[in-house]
Number of protein chains: 2
Amino acid sequence: MRLTTKGRFAVTAMLDLAMHGGKGPVTLAGISQRQSISLSYLEQLFGKLRRHTLVDSVRGPGGGYTLARSLERVSVADIITAVDEPLDATQCGGKENCHDEQRCMTHDLWAKLNDKMYEYLDSVKLSDLVAQQATRKNAVSVLQDKRGKEAAVSA
Amino acid sequence: MRLTTKGRFAVTAMLDLAMHGGKGPVTLAGISQRQSISLSYLEQLFGKLRRHTLVDSVRGPGGGYTLARSLERVSVADIITAVDEPLDATQCGGKENCHDEQRCMTHDLWAKLNDKMYEYLDSVKLSDLVAQQATRKNAVSVLQDKRGKEAAVSA
DNA sequence: ATATACTTGACGGAATTTATCGGGTATTCG
DNA sequence: CGAATACCCGATAAATTCCGTCAAGTATAT
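Just so we're clear, the structure is a prediction, and the values are computed from it rather than from any experiment. (Residues numbered from 1 in each chain as written. Chains lettered and ligands numbered in written order. Predicted model: local features only at pLDDT ≥ 70, side-chain atom pairs only at ≥ 80, totals over all residues. Heavy atoms only, no water.)

Details of the overall build of chain A
Right, so step 1: Check the secondary structure of chain A and you find 7 helices and 2 strands.
Right, so step 2: Going from the N terminus to the C terminus, chain A shows its helices and strands as α-α-α-β-β-α-α-α-α.
Right, so step 3: Out of the 155 residues in chain A, the part that is buried amounts to 47%.
Right, so step 4: The contacts of chain A with a sequence gap of at least 6 include a subset with a gap of at least 24, amounting to 64%. (Helix = DSSP H or I, 4+ residues; strand = E, 2+ residues; numbered from the N terminus. Buried < 20%, exposed > 50% of the residue type's maximum accessible area, 1.4 Å probe, protein only. Contact = heavy atoms within 4.5 Å.)

Observations regarding the protein's contact with DNA strand D
Right, so step 1: Around DNA strand D there are 24 residues in total, and S57(A), Y65(A), T5(B), S40(B) and Y41(B) lie nearest to it.
Right, so step 2: Close to the protein, within 4 Å, the atoms of DNA strand D belong to sugar or phosphate groups at a rate of 60%.
Right, so step 3: Here a phosphate oxygen of DNA strand D and a side-chain polar atom of Y65(A) are 2.3 Å apart.
Right, so step 4: One nitrogen or oxygen atom from the main chain of K6(B) is found 3.4 Å from a phosphate oxygen belonging to DNA strand D.
Right, so step 5: Those elements giving two or more residues to the surface near DNA strand D turn out to be α3 (39-51), β1 (55-58) and β2 (64-67) of chain A together with α1 (5-20) and α3 (39-51) of chain B. (Near = heavy atom within 4 Å. Polar contact = N/O pair within 3.5 Å; in protein donor to acceptor, adjacent residues only side chain to side chain.)

Some details on the nonpolar core
Right, so step 1: Of all hydrophobic cores here, the largest spans 72 residues; its most connected members are F46(A), L121(A), F46(B) and L121(B).
Right, so step 2: Setting aside chain neighbours within four positions, we find F46(A) in contact with A13(A), L17(A), L28(A), I31(A), V55(A) and Y65(A). (Core = buried A, V, L, I, M, F, W, Y, C linked by side-chain atoms within 4.5 Å.)

Comments concerning the pattern of salt bridges
Residues and elements named next belong to chain A.
Right, so step 1: Applying the stated criterion across every chain yields a total of 5 salt bridges over all chains.
Right, so step 2: Here R2 makes a salt bridge to D84, at a shortest N to O gap of 3.9 Å. Of the two residues, R2 sits in the segment before α1 (5-20) while D84 sits in helix α4 (residues 76-84), which places them 82 residues apart along the sequence.
Right, so step 3: With its nearest N and O atoms 3.9 Å apart, the salt bridge here joins D78 to R69. (Salt bridge = Lys/Arg side-chain N within 4 Å of Asp/Glu carboxyl O.)

Quick word on helix α2 (residues 28-35) of chain B
Right, so step 1: Turning to α2(B), its buried residues are L28(B), G30(B), I31(B), S32(B) and Q35(B).
Right, so step 2: One or two residues past the end of α2(B) sits S36(B), with phi positive at roughly 50°.

Focus: the protein's contact with DNA strand C
Right, so step 1: Taken together, 23 residues lie around DNA strand C, and S38(A), Y41(A), P61(A), R50(B) and Y65(B) are the ones closest in.
Right, so step 2: Within 4 Å of the protein, atoms of DNA strand C come from sugar and phosphate in 72% of cases.
Right, so step 3: In this structure, a phosphate oxygen belonging to DNA strand C sits 2.5 Å away from a side-chain N or O atom of S38(A).
Right, so step 4: Contributing elements (two or more residues each) for the surface near DNA strand C: α1 and α3 of chain A together with α3 and β2 (64-67) of chain B.
Right, so step 5: Ranked by residues supplied to the surface near DNA strand C, first place goes to α3(A) with 4 residues.
Right, so step 6: Grouping the amino acids of the surface near DNA strand C by side-chain chemistry returns 6 nonpolar, 10 polar and 7 charged. (Nonpolar A, V, L, I, M, F, W, Y, C, P; charged D, E, K, R; others polar.)

Structural notes on the packing of aromatic side chains
Right, so step 1: Across all of its chains, the model carries 4 aromatic pairs over all chains by this definition.
Right, so step 2: Taking the centre distance of 6.0 Å and the plane angle of 85° together, the rings of F9(A) and Y41(A) count as edge-to-face. Of this pair, F9(A) sits in helix α1 while Y41(A) is found in helix α3, placing the two residues 32 residues apart along the sequence.
Right, so step 3: Classification of F9(A) by relative accessible area gives partly exposed; the value is 23%.
Right, so step 4: Y41(A) sits in the partly exposed class, given a relative accessible area of 25%.
Right, so step 5: For the cation-ring pair, K116(A) lies above Y120(B), with the distance from its terminal atom to the ring centre recorded as 5.2 Å. (Phe/Tyr/Trp six-rings, centres within 6.5 Å; stacked < 30°, edge-to-face > 60°. Lys NZ or Arg CZ within 6 Å of the ring centre and 35° of its normal.)

Things to note about unusual backbone geometry
All names here are of chain A.
Right, so step 1: A positive phi is found at S36, a non-glycine position, where the angle reads about 50°.
Right, so step 2: Looking at where S36 falls in the secondary structure, it is placed in the loop between α2 (28-35) and α3.
Right, so step 3: Judged by relative accessible area, S36 falls into the partly exposed class, the value being 37%.
Right, so step 4: Despite not being glycine, T53 has its phi angle at roughly 55°, a positive value.
Right, so step 5: Take T53: it is sitting in the loop between α3 and β1.
Right, so step 6: Among the residues examined, T53 registers a relative accessible area of 49% and is labelled partly exposed.

Observations regarding the packing of α2(A) against α3(A)
Residues and elements named next belong to chain A.
Right, so step 1: Taken N-terminus to C-terminus, the directions of α2 and α3 make an angle of 120°; their axes are 9 Å apart at the nearest point. As the angle between them shows, α2 and α3 are arranged oblique. The crossing of α2 and α3 is right-handed. Contact with α2, carried on its side by L28, A29, I31 and S32, involves L39, L42, E43 and F46 of α3 and no other residues of that element.
Right, so step 2: Of the residues belonging to the contact of α2 with α3, the class tally is 6 nonpolar, 1 polar and 1 charged. (Axes fitted to C-alpha atoms, helices over the stretch in contact; angles between N-to-C directions. Parallel < 35°, antiparallel > 145°, perpendicular 65-115°, else oblique. Left-handed = near helix turned anticlockwise from the far one by under 90°.)

All quantities given are derived from atomic positions and should not be read as evidence of function.
So, in structure tokens, the structure goes:
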């Protein structure tokens, strides 16, 4: 799990798609104008999103992209992992070329931290983000409630 | 808050420093050998860590680096923010050049996600990581307990 | 007191990632 | 049928990350 601007752009674009996708396909040109992300970069990102079956594409005039699943079934973690690809994270990932003395010291560490990151980002769905955008005033409450829910489950 | 290999290297190095720092300063050459991180890169990282008052440097023979605070007062978030520097994250950060229609749509979103990331990473201290390394067998339990504690607080 | 061994600190280049530009292909409407 | 629209996919440019090299500083031993 890696957090970069690439993943952020992807989530922003998907949120825009979710908010404007009520009336047929949404063009990347529209997302580009609204979110000020270059069209070429959007094409690259949506290519990966499509291959990971997060969106469907419709070619030709009047075409564009649509969400492949319902809002509740797409999490932030899904989007980020789709565009950011692997990242071994532990530097010895599958290679097992760790040192003798304290082999894989960082392995357990990052594995656990990654799990925590993923767990949280996976608990936030596109539907949550849309709801958060709908009511701009108390946008905080949504995620706060989300945390409370997660905490209750883990307890 | 950005998660890259840079921050991971820094945390790994700080953990090594914490585990070997009982008997005076620790040399970067030692950390480099143990963790297989290039000495040059470590020098760059520890320059930032020193400027953020996370470590103290001792020059001359027998010199090296020591922790500037106690183990409980250094969190993973401290380390990552020290080496990763700014990152506006919201693309309109302080510039306020957002678009008219949905200005700063991503602002609230990433601000909240960042807060959550930071909150968790700040709850994990170096002392926790050292304890986790001490008992390799059930290393999972440490962070699991940590989560339970955090959940109890937030409830 | 001075030379020396050992350290941190700063500058510059290779490799990876991020972001962009161009041509190409499929689909729909006139 | 043909032309416009919009997705698709290669290669290219910019930025960041990562690492090697050199200069500056300090304590110890002579």
